[in-house]
Amino acid sequence: GLSMMAEALVEETTPEMIRAQTWQSLCLILLNVEEDVFQELMIGRELYVLWSGQPDLRIEENRMNFISCVKTISMRINVETLPFLVTEDSDIPLLGVAMAYTAHE
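Across its full length, the chain carries six helices and zero strands. Per-residue burial for the chain yields a buried fraction of 41% across its 105 residues. The contacts of the chain with a sequence gap of at least 6 include a subset with a gap of at least 24, amounting to 73%. In the form shown here, the chain has an accessible surface area of approximately 6300 Å², with 59% of it arising from carbon and sulfur atoms.

Have a look at this one:
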C-alpha cells in the first residue's frame, strides 16, 4: 500500500522513473481519497517515513510533486489528524522538510 510507496520514495536505489511515477500517484491519491480514508492514513502513519526520512528530491519534477503532496496534506489536516504530524518532542518534521524547499527554483 501507501507505506510501500513512501518507502520507495526515500530509498536511494529506486529508479528515477519509478520515483517520479510514485510521487505522481501519491499526489493523486492524497488529493482524491475520501476524508475518512485520509484520516486513517494520517493515523496509521503510512506516510510518516516521507517527512521523517529524507525523500530524494534532486529532480525538479519530484520536488514539485512533493510540494503538491505537502500542500494537499496541509489543506486536509484537521484537529483529529494534526497530532499525527507532530513528534513526541513537539517537532513537526513535515514542516522542516517543506521549509527546505520553499526557495526551490
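What follows picks up the thread again.
A few words now on helix 5 (residues 60-76). Along an α-helix, residues three or four positions apart point the same way, because every turn accommodates 3.6 residues. End to end, helix 5 covers 24 Å across 17 residues, agreeing with the expected 24 Å (1.5 Å per residue, within 8%). Listed in full, the buried residues belonging to helix 5 are N62, R63, N65, F66, I67, C69, V70, T72, I73 and R76.

What counts, and at which threshold
Position labels on residues start from 1 in each chain and follow its written sequence. Given that this is a predicted model, residues contribute local features only at a pLDDT of at least 70 and side-chain atom pairs are listed and counted only at 80 or more, while totals for whole chains, interfaces and linings are drawn from all residues. Hydrogens are left out, water is left out, and the side-chain values use all remaining heavy atoms of the structure. Secondary structure elements follow DSSP: runs of H or I no shorter than four residues count as helices, runs of E no shorter than two count as strands, and numbering proceeds from the N terminus. Between buried and exposed lies partly exposed: a residue is buried under 20% and exposed over 50% of the maximum accessible area for its type, with that area taken using a 1.4 Å probe on protein chains only. Working rule for contacts: check all heavy atoms of both residues, and any pair within 4.5 Å makes them a contact. Note on areas: Shrake-Rupley with a 1.4 Å probe; residue coverage comes only from the protein chains shown. A helix is expected to reach a length of 1.5 Å times the quantity of its residues less one.

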